[in-house]
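Coordinate analysis (summary)
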Protein chains: 2
Amino acid sequence: MTEFDATKIAKICHIGTEHFQAQLQSTEHRLAILSKWDIPKGSKVLELGCGQGDCTAVLAELVGPNGYVTAVDPGSLDYGSPYTLGQAQDNISSSVLGPRITWKHADPIEFLKNDDGEYDVAALVLCTWYFASPKVLSDMLSTLTKSKIGKVCIAEWGLSSTQAQSHILAALAQAAVQYHNPSSSSNIRTLFSPAVIEASAIEAGLKLQSSSTLIPADNVLDGLWEVQMVLGTEFMKDLDSFVKDDRQKVLIKSMRDAVRASYEQAGGRKQIRSMDVWCATFVKA
Amino acid sequence: MTEFDATKIAKICHIGTEHFQAQLQSTEHRLAILSKWDIPKGSKVLELGCGQGDCTAVLAELVGPNGYVTAVDPGSLDYGSPYTLGQAQDNISSSVLGPRITWKHADPIEFLKNDDGEYDVAALVLCTWYFASPKVLSDMLSTLTKSKIGKVCIAEWGLSSTQAQSHILAALAQAAVQYHNPSSSSNIRTLFSPAVIEASAIEAGLKLQSSSTLIPADNVLDGLWEVQMVLGTEFMKDLDSFVKDDRQKVLIKSMRDAVRASYEQAGGRKQIRSMDVWCATFVKA
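Remember, predicted model here, so these are calculated numbers, not experimental data. (Residues numbered from 1 in each chain as written. Chains lettered and ligands numbered in written order. Predicted model: local features only at pLDDT ≥ 70, side-chain atom pairs only at ≥ 80, totals over all residues. Heavy atoms only, no water.)

Details of the interface of chain B and chain A
What counts here: In what follows, a contact means two residues having at least one pair of non-hydrogen atoms within 4.5 Å. Computed with a 1.4 Å rolling probe, the buried area is the accessible surface lost when two parts are put together, summed over both parts. Salt bridge, as used here, is a side-chain nitrogen of Lys or Arg placed within 4 Å of a carboxyl oxygen of Asp or Glu. Each residue gets one label: Ala, Val, Leu, Ile, Met, Phe, Trp, Tyr, Cys and Pro are nonpolar, Asp, Glu, Lys and Arg are charged, and the others, such as Gly, are polar.
Chain B puts 37 residues into the contact, and the matching count from chain A is 37 residues. Contact between chain B and chain A buries roughly 3,100 Å² in total, counting both sides, with carbon and sulfur atoms accounting for 62%. It is Gln 165, Tyr 179 and Arg 247 of chain B that lose the most area in chain B upon contact with chain A, and together they represent 25% of the buried surface on that side. In this assembly, chain B and chain A are joined by zero salt bridges. Of the residues in the side of chain B that touches chain A, the class split is 18 nonpolar, twelve polar and seven charged.

Following this line, the structure appears as C-alpha cells:
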C-alpha cells in the first residue's frame, strides 16, 4: 500500500487544527485494514456503517477516479463532537475525493432493500459492535446475501492479542453494561467475536473466502480510549443507572477492576495497545 | 517457609495413587499464600470455606501441635469426585494432623452466630467466589466484625497478571454464565475483585491492615482448569440452558472465543498461567 499516502488522506478528513495525530493514526489504521483485502481500482464499493467517513475517504482513494463509494450510516447528522457526522462528511465531500463518494443517511438494511445499485464489494469496517442486537447482524447479512453484491468484506476487533489485555477487558466490561441500556449510544452495544460473526454469515447464506488478522500499529489509540472510558466516571454512572441487580453490578465492577489492574501492569497510558483486527471476505455460498 | 515440607502435607491430603502432582501444586500454592500472613505457632484459626481441606492441612501444620484449626464448610459431604468432601476430610483426620482439626459441616454465617469459640485469626482462602451473592460476603464480614476474632485474613484470585490473560477471561466468562444459574454449583458463582472485597470489609466495620500480591508458581493449575472448563461442552450446555436472551448469549459466546484466542496465543495448555492472588489482612476498625 506504499502507493497510498495516509497523511494526504488524513488531511482530507481532518477538521480544525488540533489532534491531527489522532486523525492520522485512525486513517493509517483503516488503510492497514483495507490493505488486507484486494479492492481493485475502479471498484464500486458499498460501505455500511461509514460514520464520520474515516474509512470512506480511504476507500475513495483506493478505488481511484474511476471507482465509486456509496457510504451508508444510520447515525444522526448531528451526532458527534467537536464536529458532527454531517460536518465531517461535508468536509470530505468538499475535497478532491468528494466526487467519488455518495453519503446515504439511512438504516443500512432498509437502504439495501430499496436500492437497486450494483456493487463489487460491500465493506463493514469496525462497525458491527454498534449494532443493537444479534438480529441486526443476521438481518444485515441475509439482506446482503440476497443483493447483487459480489463480495462482503468485514473487519472487526478480533478479541485476541498477546499484548492488549486491557483493551479486550475494557470492551467486555463496556458490553456488559450496555447490554442493560435499552437505548445505548455507546461505541460498543453488542460485542461479536469473529467466530460469532462468521456463524451468522454462514447462516445468512455466505461462505468465508479468506480471513486474516491485523495487529494494529503501536499508535492506534482505540484500545486506550476504551480503557479510559471504562475507568472514567461516566462508566460508573451508567453502571448505577442501568444495572439494578447487585450480583450483576458486582461482576461488572470487578471487570472494571480487572481493566484497571491490567492498565497499571501494562505501565500506564503510553503502553496500552489495541487488540487485533479480524479482516474477513465472504462470498455467496 | 522452608521449615514446612509441602510434599509431606500433600501426602497427607492425597487419596489414591494418581494425580499426586496436582495435589502437590495445590498444597504448595496454599503454603505460598499462607506464608504472606504471619500466623504464629500455637494460633487458634477459624477457617471458613475449607472445602476438601487442602488449606486446612497446611494451616494445621503451620500452627503446630499447640495450635488448632476449626474448619467450616457448607458443602455437602457427598460433593466432589472421585473423592467426596467427606472422604477428603476423613482422610486428613486420620493423619498426624487430625488431632489439630475440627471439621464443621455448617453454613459459616450460621456457625459464627452460634459459636462462642475464640480465635486469633479467621482465614478465607480462595473461597469468596463460591458465595451465592454479594450479600453473603457482606453478611459474613459483618458477622466476623462482631465476633471475638482478632484478625481476618482473606486470599482471593486478584484479577491481575501480566501473563495470565486466559485465566482472567475464563473466570469472567464463567461468572457471566453462572449469574444466570439460580442454583449454581460452579467454582465461580459471584466474582469479586480485591477492591470489591475490601469495600465490603470496610462497610462491615473492618480495616485493611496489610495486603500483598502472590504470583502463583508456574505449576499452579487453576488457570488451566478454568480455561478448560470454559472451552468444554458443559459450558455451552450451561449457556444454552441458563441464558435465554440472544444479546447476552452472544456476549458470553464472544467472551468464550476471547478465552480460546488467548489460550491459543499463549501456546496451549502447558503455557497457561494462573492469575495473581491477593492476600489481605483485616482488623476491626
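Once you've had a look at it, read on.
What about helix H4 (residues 85–93) of chain B?
Two residues of an α-helix separated by three or four positions point the same way, owing to the 3.6 residues in each turn. Residues and elements named next belong to chain B. Selection criterion: We call a residue buried when its accessible area falls under 20% of the maximum for its residue type, exposed when it is over 50%, and partly exposed in between, using a 1.4 Å probe and counting protein chains only. Only runs of H or I of at least four residues qualify as helices and only runs of E of at least two qualify as strands under DSSP, and these elements are numbered from the N terminus. This arc corresponds to the set of directions leading from the helix axis out to the C-beta atoms.
Listed as buried for H4 are Leu 85, Gly 86, Ala 88, Gln 89 and Ile 92. Projected down its long axis, H4 carries its buried residues within an arc of 165 degrees, all on one side. Close packing links the buried residues of H4 with helix H1 (6–13), helix H3 (54–63), strand E2 (68–73) and strand E3 (101–105).

A closer look at the packing of helix H7 (residues 165–178) of chain A against helix H10 (residues 233–242) of chain A
Residue and element names in this part refer to chain A. Note the threshold: Between N-to-C directions, angles cover 0 to 180 degrees, with each direction set by a line fitted to C-alpha atoms, over the stretch in contact for helices. Each crossing gets its handedness from the near helix: less than a right angle anticlockwise from the far helix is left-handed, clockwise is right-handed.
The N-to-C vectors of H7 and H10 enclose an angle of 35 degrees; their axes lie 9 Å apart at closest approach. Judged by the twist between their axes, the crossing of H7 over H10 is left-handed. Of H10, the residues touching H7 (which contributes Ala 173, Gln 174, Val 177 and Gln 178) are Phe 235, Asp 238 and Leu 239. Grouping the constituent residues of the contact of H7 with H10 by class yields four nonpolar, two polar and one charged.

So, the side chain of Asp 222 of chain B
Within the secondary structure layout, Asp 222 of chain B lies in helix H9 (residues 222–231). The contact partners of Asp 222 of chain B, leaving out residues within four places of it in the chain, are Gln 25, Trp 157, His 167 and Ser 274 of chain B.

Digging into the confidence of the model for chain A
Basically, it comes down to this: Confidence of the prediction at every residue is given by pLDDT, a number between 0 and 100.
Chain-level pLDDT for chain A is 93 on average; 99% of the residues reach the 70-or-more range. The ipTM assigned to the predicted complex is 0.87, against a pTM of 0.88.

Examining the relation of the copies chain B and chain A
Applied cut-off: When the copies are overlaid, the least-squares fit takes in C-alpha atoms only where the residue has pLDDT of at least 70 in both copies.
Placing chain B over chain A gives an RMSD of 0.1 Å and needs a rotation angle of 180 degrees, together with 0.0 Å of translation along the axis. Those values place the two copies in the arrangement expected of a two-fold rotation axis. The C-alpha atom lying nearest the rotation axis in chain B is that of Gln 165 of chain B; the distance is 3.3 Å.

Remarks on the sheet that holds strand E7 (residues 277–284) of chain A
All names here are of chain A. Applicable threshold: Two strands form a pair only when DSSP identifies at least two bridges running between them.
One open sheet holds the seven strands; their spatial order is E3-E2-E1-E4-E5-E7-E6, and the pairing between them is mixed. Both edges of this open sheet fall to strand E3 (101–105) and strand E6 (206–214), since each of them pairs with a single strand only. The sheet shows a mean angle of 20 degrees between the axes of neighbouring strands, direction not considered. In terms of strand pairing, strand E1 (residues 44–48) meets strand E4 (residues 121–125) through three bridges, oriented parallel. Bridge pairing links Val 45 to Val 121 in E4. Its contacts with the sheet place helix H6 (residues 134–146) against E1, E4, strand E5 (151–157), E6 and E7, and it is angled at close to 165 degrees to E4.

Section: unusual backbone geometry
Residue and element names in this part refer to chain A. The omega torsion across Ser 81 and Pro 82 is 0 degrees, close enough to zero to call that bond cis. Following the sequence through the fold, Pro 82 ends up in the loop between strand E2 (68–73) and helix H4 (85–93). Positive phi, normally seen in glycine, also occurs at Leu 126, with a value near 50 degrees. You can call Leu 126 buried: its relative accessible area is 12%.

What to know about the UniProt feature "domain: Methyltransferase" (unreviewed entry) in chain A
This is how the line gets drawn: UniProt positions are given in the numbering used here, feature names are shortened, and annotations may be inferred rather than shown by experiment.
Here the UniProt-annotated "domain: Methyltransferase" (unreviewed entry) positions come out as residues 45–142 of chain A. Annotated as residues 45–142 of chain A, this span is 36% helix and 20% strand, and its ends, taken at the C-alpha atoms, are 18 Å apart.

Some remarks on the packing of aromatic side chains
All names here are of chain A. Defined as follows: We call Phe, Tyr and Trp rings a pair once their centres come within 6.5 Å, taking the six-membered ring for Trp, and we label the pair stacked below 30 degrees between planes, edge-to-face above 60, and tilted otherwise.
All chains considered together, the criterion is met by two aromatic pairs over all chains. Relative to Phe 282, the ring of Trp 278 lies with its centre 6.3 Å away and its plane at 65 degrees, an arrangement referred to as edge-to-face. Looking at Trp 278, the relative accessible area reads 8%, which means it is buried.

Considerations on the packing of H7 of chain A against helix H11 (residues 246–266) of chain A
Residues and elements named next belong to chain A. Quick reminder of the rule: Geometric relationships in this document are graded by angle, where less than 35 degrees denotes roughly parallel, more than 145 denotes roughly antiparallel, 65 to 115 denotes roughly perpendicular, and other angles denote oblique.
Interhelical geometry of H7 versus H11 gives an angle of 160 degrees and a closest axis separation of 9 Å. When the interaxial angle is binned, H7 and H11 end up roughly antiparallel. At the point where H7 passes H11, the crossing takes the left-handed sense. Only Ile 252, Met 255, Ala 258, Val 259, Ser 262 and Tyr 263 of H11 make contact with H7, whose side of the interface consists of Gln 165, Ser 166, Leu 169, Ala 170, Leu 172, Ala 173, Ala 176 and Val 177. Broken down by class, the residue content of the contact of H7 with H11 amounts to eleven nonpolar, three polar and no charged.

Focus: the nonpolar core
The nonpolar side chains of a soluble globular protein tend to be buried with one another. Selection rule: Nonpolar cores were defined as sets of buried Ala, Val, Leu, Ile, Met, Phe, Trp, Tyr and Cys residues, with membership established by side-chain atoms within 4.5 Å.
With 189 residues, the main nonpolar core has Leu 144 of chain A together with Leu 144 of chain B as its most contacted residues. Setting aside chain neighbours within four positions, we find Leu 144 of chain B in contact with Leu 48, Leu 112, Ala 122, Leu 124, Ile 149, Val 152 and Lys 284 of chain B.

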